[in-house]
Every structure is written in C-alpha cells, then in structure tokens.
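Observations on the model geometry
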Amino acid sequence: MTLNRRPVASLWIGDRLHYINQLCLKSHLAMGHPVTLYTMGPVANVPEGVEIRPAEEIIAVDETLLALTKPAFVANVFRIKMIRKTGAIWVDCDAFCHRPFPEDLDYVFGLHGMSGALNNGVVGFPPESRIVDLLLDFFDNPPDYPGWWGKRQRRKMDEIDRSIPQAARIFEVERTAFGPQALTWCAQQAGVFDKAMSVDCLYPVPFQLNDVFFDPHSNVEGHFTDATLSVHIYTNATRPWWRKNPPLKGSYMARMCEKIGIDPAAALEE
C-alpha cells in the first residue's frame, strides 16, 4: 500500500472502534492517504497502518468542559486546531473515502442534507487562512451570543447559570453551534462560502436516509455522482440494531467491508 496522497486525520474519544469506524479509516489508507488517529488513551480495533498519536499534541482536553458538553464538542474544536498545526484534512471516523481527495484542492468542505447548510465532517483549509482564524477565535473566545442567533436563542441563553463556562452555555442552547453552525457562519464572514462543494461531493446520502447503508435492496450508489469523494455514514444516527449486528449481505456496508477487508463481527458494539 503506497501512501503518497494528502494526509488525513481524526480524533477518537473512547477505548474501542466499531467496525464502521474501522472501515472508514481504512478506506482512506486504501486510497493512498496516510491516516493519523488522535486518541486520549489506548484504543482497541484500530486498523493496521493507521498512525496513533496522543490528542495532547494538538490540544489539552478540558475534562470539565468535556463533562459539561459531549465528545462532539471537543472534536469540533480539535479538528480546526489540528488543521492549523498539521495542515491535514480532517475526516470524521464515519466518513468513507470513495475517491482520493485531489492534491490541488485547498478548500475541502461542503454542503449537506436538504437545507443548504455546511457540514464539518470532512474539512480541509489552508492552515493560515482567515476562516481558520475566525473559527479558532470563536472557539477560544466564545461571544456573548453567536452572531447567527435570534431572540429566542438569546433568551434561552440568558436563563442558563452564568457560572458555567461560556462555551458550555452556548452548547446547551445549540448543540451544533461549534460545528456546522460555526463553520457556516465563519465561511460567510471569511468570504469563502462559495468554495463549498455541492452535496454530492462529501455527503451524497442525506442523514435522514441513514438506513439505506444497511439495506441490501437500497441503491446507495444511486446517490453518487462523478464528483463524489466521501460518503458520510452518520453513525450517530445509526439504529442500535445495526451497531450490534453485522450488516446484511449485499448491503452497501457489507460490500464495502468485503472490499476494504474489514470483519464486521469482530468489532460490534457490545
């Protein structure tokens, strides 16, 4: 396996990978991308060839803030700091690499779903770009209210205990504030929103249709185009049954596991 393409990286907060995560990380290796997985401790089921690095190389995780929010909050902040320090493309651990990322593409981010908003599941920017500056400032110096909030969100924020860290208060009001919402806002402020890829490039299957990945009668590839680079599996929306049982024979998940060389039964959710 020759790893001569752009490096990609992700973060795992936990002690073991599910087979979907194994599949997605290994899919990037299969396309020639060196893969780094940052962790907060030992992690089981990491595919061979994935480089494991301590998360502390990028940021010191605030355990208090982590307890008040969710791992997704830490990952949202981590990915931008990782881009600033390494220049690697961030990929969620449930983003399957369908085609290699082009070498000459400075901005890697895209629209998703049916609303025209951005998603930060796969993101790459020039490390010293203005959008990275704006995102890091938003993370490091959370405002009184995010710029896109209306009166209802501001009123809800005012009701939250002010002794709680500001970032946690914002997260309590809007769980995606430090993720897709911040990315969308900062892309607009930085004047790079028009660089976003179309939905079919990074998020061809709407998250509302998550079950199609596990249905042998569904035509997942019917959502793809010649521009599709990545396929988001949306494991947070995956039904518990699919996380605890191997995918049905003939389904997209089963076919990709066979293609990439992953044994689903060996790393199911307990």
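See the structure shown above.
Now for a description of the structure that goes with this document. (Residues numbered from 1 in each chain as written. Predicted model: local features only at pLDDT ≥ 70, side-chain atom pairs only at ≥ 80, totals over all residues. Heavy atoms only, no water.)

The secondary structure content of the protein chain amounts to 10 helices and eight strands. A globule of 270 residues ought to have a C-alpha radius of gyration of about 18 Å, and the protein chain, at 18 Å, matches this closely. Considering only C-alpha atoms, the protein chain reaches an extent of 50 × 40 × 35 Å along its principal axes. Here the protein chain holds 270 residues, and the buried ones make up 51% of them. (Helix = DSSP H or I, 4+ residues; strand = E, 2+ residues; numbered from the N terminus. Rg over C-alpha atoms; globule rule 2.2 N^0.38 Å. Buried < 20%, exposed > 50% of the residue type's maximum accessible area, 1.4 Å probe, protein only.)

Glancing now at the environment of Asp-263. Mapped onto the elements, Asp-263 comes out in the segment after helix 10 (252–260). Between the alpha carbons of Asp-263 and Leu-23 there is a distance of 9.0 Å; along the sequence they are 240 residues apart. A distance of 3.2 Å separates the side chain of Asp-263 from the backbone nitrogen of Ala-265, its partner in a polar contact. (Polar contact = N/O pair within 3.5 Å; in protein donor to acceptor, adjacent residues only side chain to side chain.)

Geometrically, a packed helix pair is captured by the angle between its two axes and the distance between the axes. Their axes nearest at 10 Å, the elements helix 1 (residues 19–30) and helix 10 cross at an angle of 50 degrees. Relative to helix 10, the element helix 1 lies oblique. As helix 1 packs across helix 10, the resulting crossing turns out to be left-handed. Taking contact as the criterion, the partners of Tyr-19, Ile-20, Leu-23, Lys-26, Ser-27 and Ala-30 in helix 1 are, on helix 10, Met-253, Met-256, Cys-257 and Ile-260. Of the residues belonging to the contact of helix 1 with helix 10, the class tally is eight nonpolar, one polar and one charged. (Axes fitted to C-alpha atoms, helices over the stretch in contact; angles between N-to-C directions. Parallel < 35°, antiparallel > 145°, perpendicular 65-115°, else oblique. Left-handed = near helix turned anticlockwise from the far one by under 90°. Contact = heavy atoms within 4.5 Å. Nonpolar A, V, L, I, M, F, W, Y, C, P; charged D, E, K, R; others polar.)

Put simply, the largest pocket is a space of about 1500 Å³. Surrounding the largest pocket, 42 residues form its lining, Ala-72, Asp-92, Asp-94, Thr-235 and Asn-236 being those nearest its centre. Where the lining of the largest pocket is concerned, the elements lending two or more residues are strand 1 (8–12), helix 3 (71–86), strand 7 (117–124) and helix 7 (177–189). No other element matches the five residues that helix 3 contributes to the lining of the largest pocket. Estimates place the volume of the second largest pocket at around 220 Å³. Around the second largest pocket, the lining is made up of 13 residues, and of these Ile-59, Asp-62, Leu-65, Phe-73 and Val-77 lie nearest the centre. Those elements that provide at least two residues to the lining of the second largest pocket are helix 3 and helix 4 (130–140). By residue number, the principal contributor to the lining of the second largest pocket is helix 3, which donates four residues. Residue classes in the lining of the second largest pocket are distributed as 10 nonpolar, no polar and three charged. (1 Å grid on protein atoms, 1.4 Å probe; cavity = no way out; pocket = protein on both sides within 12 Å on 5 of 7 lines; lining within 4 Å. Points joined across faces, edges and corners; volume = space filled by probe spheres on them.)

Applying the stated rule across the entire model yields 17 aromatic pairs. Measuring from ring centre to ring centre gives 5.7 Å for Phe-138 and Trp-148, while their planes differ by 40 degrees; the resulting arrangement is tilted. Remark: Trp-148 occurs in the loop between helix 4 and helix 5 (151–158) and Phe-138 occurs in helix 4; sequence separation between them is 10 residues. Under the relative-accessibility criterion, Phe-138 is labelled buried at 8%. An aromatic cluster is present here, built from Phe-73, Phe-138, Phe-139, Trp-148, Phe-171, Phe-178 and Trp-185 joined pairwise through their rings. (Phe/Tyr/Trp six-rings, centres within 6.5 Å; stacked < 30°, edge-to-face > 60°.)

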